[in-house]
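# Structural overview for review
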Amino acid sequence: MGRPLLEVADIFRRYGEAYRQQHDGSLSMAQRRVMTAIEVCRTAALGGHLERCDTCDYERPCYDSCANRHCPKCQSLARAAWVEKRTAEVLPTHYFHVVFSVPEQIASIAYQNKKVLYDILFRAVAETLTTIAADPKHLGAEIGFFAVLHSWGQTLVFHPHLHCVVPGGGISLDGTRWISCRPRFFLPVRVLSRLFRRLFLTYLEEAFDSGELRFFSSLAALQDPLAFSQHLDAVRNVDWVVYAKPPFAGPQQVVNYVGRYTHRVAISNNRIIDIEDGEVKFIWRDYRHNNQQKTMTLSADQFIGRFLLHVLPSGFHRIRYYGFLANPHRQEKLEQCRQLLGMTPTRESSSDPATLEDYRDRYEKLTGRSLRECPVCHRGHMIPVANLPGANSSPVIEDTS
């Protein structure tokens with residue numbers, strides 16, 4: 001895929017200052033930081049170096065990246081490195097993709113209380129999956145999985161949900177064998193949905209009672225306990241969406257597929273098709289109508305506002321690991337899984353610290369695509385010949401967590 005002709009950065013550079021002036025009182029520091037990072041990413045403002053082809057003498061400036069996790073241009077290397085780590089952890093079993101969503105009434109609270117509600121979402125989902133999987137009536141095993149937070153729909157509306165990738169089985173509760181689920185059935189989604197709803201509402205009410213929630217603007221009335229309780233009444237007895245997608249075809253498909261989800265941002269640059277006359281036109285897929293590709297046009301103000309809906313709280317981890325994939329005991333538990341599945345024991349890696357690689361070498365090793373090849377002659381390699389100092393006196397703060 002070639003480089004997109006238009007980028008989110010172009011929208012911010014052209015219309016961002018007007019947006020800042022128009023919404024000065026409501027923009028958070030995190031949102032301002034994201035806007036600035038995307039605007040200056042790979043520009044002279046951040047500096048870089050001059051490269052020259054060692055065969056045809058073609059020259060080009062290569063400017064530094066902002067490394068912000070919301071930037072559409074800065075995810076390839078992070079995604080490739082993450083996939084490399086997960087590849088070594090894939091087990092020889094089928095995998096399932098389970099999605100947990102919250103109703104609109106909850107999403108409105110989540111936008112005004114992102115960190116609290118996102119934490120509750122992770123907690124409720126993790127407890128739901130581990131509880132139902134451990135129940136002997138269903139699987140009777142300790143499972144492992146990771147969950148990825150997305151907060152957007154195809155049209156950039158606020159729609160928080162978790163994508164969970166789960167091996168189709170787990171360690172028996174006595175630790176002596178691997179228990180596989182049925183080939184095309186993981187856990188009953190109706191049972192998952194009901195427990196998820198109960199746990200989420202329980203933790204949400206606890207957060208309200210302890211004063212962790214804040215309400216303003218159209219939700220200001222929810223500060224009253226009775227109004228808050230009545231607001232939740234609308235979702236207590238409706239089905240919450242838990243969707244189990246068909247299982248992956250094999251372990252390698254898990255890695256390739258999930259790599260597209262983990263470091264995704266609200267919209268990729270290749271979906272943007274026009275930014276003229278104060279409007280932004282972009283492609284979206286209508287999943288409710290046979291995945292049809294459609295075009296949406298928003299004012300630049302609307303587009304920027306929707307993009308910024310999805311800025312994460314500073315330091316918030318949007319990928320989390322549970323069960324036998326939880327960080328404290330992952331290697332020990334994975335080795336147990338491999339033994340129970342009859343896999344060859346893994347060879348321990350050297351304890352020597354790894355040599356610091358140039359990012360271009362690491363990118364080529366992980367993706368198979370060279371950043372050094374000359375784009376003109378395609379024979380030579382681009383060699384750094386001079387540094388290009390940045391124009392900004394204050395560097396952009398990285399946000400890569």
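Residues numbered from 1 in each chain as written. Predicted model: local features only at pLDDT ≥ 70, side-chain atom pairs only at ≥ 80, totals over all residues. Heavy atoms only, no water.

### Things to note about the overall build of the protein chain
- The number of helices and strands found in the protein chain is 11 helices and 14 strands.
- Over its C-alpha atoms the protein chain spans a radius of gyration of 24 Å, differing by no more than 12% from the 21 Å that the globule rule assigns to 401 residues.
- Across its three principal directions, the C-alpha atoms of the protein chain cover 70 × 60 × 40 Å.
- For the protein chain, long-range pairs separated by at least 24 residues make up 72% of all intrachain contacts whose partners lie at least 6 apart in sequence.
- By element, 50% of the accessible surface of the protein chain is carried by carbon and sulfur atoms, the whole surface being about 20,900 Å².
- Positive and negative charge centroids in the protein chain, built from 48 and 42 side chains respectively, lie 5 Å apart. (Helix = DSSP H or I, 4+ residues; strand = E, 2+ residues; numbered from the N terminus. Rg over C-alpha atoms; globule rule 2.2 N^0.38 Å. Contact = heavy atoms within 4.5 Å. Areas by Shrake-Rupley, 256 points an atom, 1.4 Å probe, with all protein chains shown as cover. Lys, Arg positive; Asp, Glu negative; His and termini not counted. Charge placed at Lys NZ, Arg CZ, Asp CG, Glu CD.)

### Comments concerning the packing of helix α3 (residues 76–87) against helix α8 (residues 251–262)
- For the pair α3 and α8, interaxial distance at closest approach is 10 Å and the crossing angle is 140°. By the angle class used here, α3 and α8 are oblique. For α3 against α8, the interelement crossing comes out right-handed. Touching Arg79, Trp82, Val83 and Thr87 of α3 are Val255, Val258, Gly259 and Thr262, all from α8.
- The residue inventory of the contact of α3 with α8, partitioned by class, reads four nonpolar, three polar and one charged. (Axes fitted to C-alpha atoms, helices over the stretch in contact; angles between N-to-C directions. Parallel < 35°, antiparallel > 145°, perpendicular 65-115°, else oblique. Left-handed = near helix turned anticlockwise from the far one by under 90°. Nonpolar A, V, L, I, M, F, W, Y, C, P; charged D, E, K, R; others polar.)

### Thoughts on the side chain of threonine 128
- Tracing the sequence through the fold places threonine 128 in helix α5 (residues 114–134).
- Using a relative accessible area of 0% as the deciding quantity, one classes threonine 128 as buried.
- A polar contact of 2.7 Å, which involves the side chain of threonine 128, links it to the backbone oxygen of alanine 124.
- Leave out the neighbours within four places in its chain, and threonine 128 touches Phe100, Leu192, Leu195, Phe196 and Leu199. (Buried < 20%, exposed > 50% of the residue type's maximum accessible area, 1.4 Å probe, protein only. Polar contact = N/O pair within 3.5 Å; in protein donor to acceptor, adjacent residues only side chain to side chain.)

### As for the environment of proline 4
- If you trace the backbone, proline 4 turns up in the segment before α1 (8–22).
- Between the C-alpha atom of proline 4 and that of cysteine 374, which follows or precedes it by 370 residues, the distance is 19 Å.
- Apart from the residues lying within four places of it in its own chain, the contact partners of proline 4 are Asn269 and Asn270.

### Re the pattern of salt bridges
- With the rule as written, the count across this model stands at 18 salt bridges.
- Put simply, glutamate 59 and arginine 52 hold a salt bridge, and the shortest N to O gap is 2.5 Å.
- Via salt bridges that share partners, Glu17, Arg20 and Glu39 belong to a single interconnected network. (Salt bridge = Lys/Arg side-chain N within 4 Å of Asp/Glu carboxyl O.)

### What about the packing of aromatic side chains?
- Following the criterion strictly, the structure yields 17 aromatic pairs and no others.
- Both rings, one in phenylalanine 145 and one in tyrosine 322, keep their centres 5.2 Å apart while their planes meet at 25°; by these two values the pair is stacked. In this pair, phenylalanine 145 is assigned in strand β5 (residues 144–152) and tyrosine 322 in strand β13 (residues 319–323), connecting sequence segments 177 residues apart.
- Here the aromatic cluster, defined as three or more aromatic residues joined through ring pairs, consists of Phe100, Phe196, Phe200 and Trp240.
- Its end group placed over the ring of phenylalanine 185, arginine 182 keeps NZ or CZ at 4.4 Å from the ring centre.
- Residue placement shows arginine 320 over the ring face of phenylalanine 316; its charged tip is 4.6 Å from the ring centre. (Phe/Tyr/Trp six-rings, centres within 6.5 Å; stacked < 30°, edge-to-face > 60°. Lys NZ or Arg CZ within 6 Å of the ring centre and 35° of its normal.)

### A look at the confidence of the model for the protein chain
- Summing up the model confidence of the protein chain, the mean pLDDT is 89 and the portion of residues at 70 or higher is 91%.
- With pLDDT under 50 throughout, residues 348–356 is counted as low confidence; its partners more than four residues away or in other chains account for zero contacts.
- Taken as a whole, residues 393–401 scores under 50 in pLDDT and shows 18 contacts with residues more than four places along the chain or in a different chain. (pLDDT = per-residue confidence, 0-100.)

### Section: helix α4 (residues 104–112)
- Three or more residues of α4 are buried, namely Ile106, Ala107, Ile109, Ala110 and Gln112.
- Each element contacted by the buried residues of α4 is listed here: α5, β6 (158–167), α6 (189–209) and α7 (225–236).

### Overview of the side chain of arginine 318
- Tracing the chain through its elements places arginine 318 in the loop between α9 (300–308) and β13.
- At 2.4 Å, the side chain of arginine 318 and the backbone oxygen of threonine 262 are in polar contact.
- What arginine 318 contacts, discounting residues up to four positions off in sequence, is Phe122, Ala147, Val148, Leu149, His150, Trp152, Tyr261, Thr262, His263, Arg264 and Leu312.

### Points about the environment of alanine 220
- Considering the arrangement of structural elements, one finds alanine 220 in the loop between α6 and α7.
- The exposure class assigned to alanine 220 is partly exposed, which follows from its relative accessible area of 29%.
- When the C-alpha positions of alanine 220 and threonine 262 are compared, they lie 34 Å apart, and in sequence the two are 42 residues distant.

### A look at the sheet that holds strand β8 (residues 178–180)
- A sheet is described by the order of its strands in space; here three strands give the open sequence β4-β7-β8, paired in antiparallel fashion. Of all strands in the sheet, those with a lone pairing partner are β4 (141–142) and β8, marking the two edges.
- Both strand β7 (residues 169–172) and β8 contribute to a ladder of three bridges, which runs antiparallel. By the bridge assignment, isoleucine 171 is partnered in β8 with tryptophan 178.
- Of the strands in this sheet, β4, β7 and β8 are in contact with helix α10 (residues 330–340), which crosses β7 at around 95°. (Pairing = 2+ DSSP bridges.)

### Brief notes about the sheet that holds strand β1 (residues 48–53)
- Across the sheet, three strands lie side by side as β2-β1-β14; this open sheet has antiparallel pairing. Of all the strands in the sheet, just β2 (59–63) and β14 (382–388) have a single pairing partner and so form its edges. Each adjacent strand pair in this sheet contributes to an overall mean axis angle of 30°, direction not counted.
- Note that β1 and β2 share five bridges and pair antiparallel. Its bridge partner lying in β2, glycine 48 is registered against tyrosine 63.

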